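Spelled out from the first residue to the last, the chains are:
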Amino acid sequence: MGSLAAILCLILIHSTPSFFSIESRTAYEVLEDYDFPIGLLPKGVTGYDLNITTGKFSVYFDHTCSFSIESSYHLKYKPTIKGYLSNGKLYGLEGIYARLFLVWKEIVEIVRTGDELVFSVGVLSSVSPIHHFDESPQCGCGFNCGMAIDM
């Protein structure tokens, strides 16, 4: 009976290190582990869950986060975003929106192709250089926060 308990302890110890190591990493670091830049997530992540076996994830913010990038891309993140993560691919996304003309469309997939990111909103897609996402944008002002005027 003692050897059975020892075997079970060894199985538990050797089957969970990835869960322990993932818990000590930020959501931004996990993105980098999967070959994505940190700037895909705005500043202000309060927590996340990741099932490393299935790739299913959830990322949490205190509130909805909206901002513009280069004055032409308007993005909105709900307080909880969900999807699946694999190396170079985020798919089945829920909770991230891009404004196309006057309509908000949900981004359903982001794929890294070399030095570019392909954002898909169903049948439409847009390509951006990866270096545009080297830093995390801030809710409200994106990358132009230092230029904002306080009132």
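A quick note: this is a predicted structure, and the numbers were derived from the prediction, not measured. (Residues numbered from 1 in each chain as written. Predicted model: local features only at pLDDT ≥ 70, side-chain atom pairs only at ≥ 80, totals over all residues. Heavy atoms only, no water.)

**Things to note about the side chain of Ser128**
As a reminder, the rule being used: Comment: elements are numbered from the N terminus, with helices defined as DSSP H or I runs of at least four residues and strands as E runs of at least two. Should any heavy atoms of two residues lie within 4.5 Å, those residues are considered in contact.
Looking at the secondary structure, you find Ser128 in strand S9 (residues 124–129). Sequence-distant contacts of Ser128, that is, excluding residues within four places in its chain, are made with Tyr73, Asp115, Glu116, Leu117, Phe119 and Phe133.

**Regarding the state of the cysteines**
The condition is simple: Two cysteine sulfurs form a disulfide in these notes if their separation is within 2.5 Å.
If you walk through the whole model with that rule in mind, you get 2 disulfides. Note on cysteine connectivity: Cys65 is disulfide-linked to Cys139, with sulfurs 1.9 Å apart. A torsion of -115° about the S-S bond marks the disulfide between Cys65 and Cys139 as left-handed. In this pair, Cys65 sits in strand S3 (residues 65–69) while Cys139 sits in the segment after S9, placing the two residues 74 residues apart along the sequence.

**Focus on a nonpolar patch on the surface**
Stated formally: In this scheme, patches are assembled from residues that exceed 30% relative accessible area and form no salt bridge. Like charges are connected within 9 Å, while nonpolar side chains (Val, Leu, Ile, Met, Phe, Trp, Tyr) are connected within 5 Å. Residue exposure ignores everything except the shown protein chains as possible cover, and the areas themselves are Shrake-Rupley values with a 1.4 Å probe. A carboxyl oxygen of Asp or Glu within 4 Å of a side-chain nitrogen of Lys or Arg is what we treat as a salt bridge. Buried residues are those whose accessible area, probed at 1.4 Å on protein chains only, stays under 20% of the maximum for their type, while exposed residues exceed 50% and partly exposed ones sit between those limits.
A cluster of nonpolar residues, Phe101, Leu102 and Val103, forms a patch on the protein surface that exposes about 440 Å² of accessible area. Within the secondary structure, Val103 is located in strand S6 (residues 103–106). Given the relative accessible area of 47%, Val103 is considered partly exposed.

**Things to note about the side chain of Ser136**
This is how the line gets drawn: Two N or O atoms count as a polar contact when they lie within 3.5 Å, although within protein this holds only if one can serve as hydrogen donor and the other as acceptor, and sequence-adjacent residues are included solely when both atoms are side-chain atoms.
Relative to the helices and strands, Ser136 is located in the segment after S9. Taking relative accessible area as the criterion, Ser136 reaches 11% and is therefore assigned buried. One polar contact links the side chain of Ser136 to the main-chain carbonyl oxygen of Ile38, over a distance of 3.1 Å. Within the structure, Ser136 has its side chain in polar contact with the backbone oxygen of Leu41 (distance 2.9 Å).

**Here we look at the environment of Ser126**
Summarising the element assignment, Ser126 is placed in strand S9. Assessed through its relative accessible area of 25%, Ser126 is described here as partly exposed. Between the C-alpha atom of Ser126 and that of Ile110, which follows or precedes it by 16 residues, the distance is 9.7 Å. The contacts of Ser126, once residues within four sequence positions are left out, are Tyr73, Leu117, Val118 and Phe119.

**Some words on the pairing of strand S4 (residues 73–86)**
Where we set the bar: At least two bridges found by DSSP between two strands is the condition for calling them paired.
Both strand S2 (residues 56–61) and S4 contribute to a ladder of 5 bridges, which runs antiparallel. Counterpart to Lys56 in the pairing with S4 is Tyr84. Here S3 runs beside S4; their pairing, made up of 5 bridges, is antiparallel. Bridge assignment links Cys65 to a residue of S4, and that residue is Tyr77. Note: S4 against strand S5 (residues 89–100), 7 bridges, orientation antiparallel. Note that in S5 the partner of Lys76 across the bridge is Tyr97. Counting the residues in the hairpin turn of S4 and S5 gives 2 residues, including Gly88, whose phi is positive at 75°.

**What about the packing of aromatic side chains?**
When we look at a pair of aromatic rings, we describe it by the centre distance and by the angle of the planes. Formally: A pair of Phe, Tyr and Trp rings is counted when the ring centres sit within 6.5 Å of each other, with Trp represented by its six-membered ring. The angle between the planes then sorts it: under 30 degrees is stacked, over 60 is edge-to-face, the rest tilted. Throughout this description, the term charge over a ring refers to an Arg CZ or Lys NZ atom that lies within 6 Å of the ring centre and within 35 degrees of the ring normal.
Counted by the stated rule, this structure contains 4 aromatic pairs. Ring plane angle 70° and centroid distance 6.0 Å describe the contact between Phe61 and Tyr77, whose orientation is recorded as edge-to-face. Here Phe61 is found in strand S2, whereas its partner Tyr77 is found in strand S4, with 16 residues between them in sequence. Tyr77 sits in the buried class, given a relative accessible area of 5%. Here the aromatic rings of Tyr84 and Tyr91 are separated by 5.5 Å at their centres, their planes lie at 20°, and the arrangement is stacked. Its relative accessible area of 31% is what places Tyr84 among the partly exposed residues. The side chain of Lys76 reaches across the aromatic face of Tyr97, ending 5.9 Å from its centre. Its end group placed over the ring of Tyr91, Lys89 keeps NZ or CZ at 5.2 Å from the ring centre.

Everything listed here is a matter of coordinates, which is why it stays silent on function.
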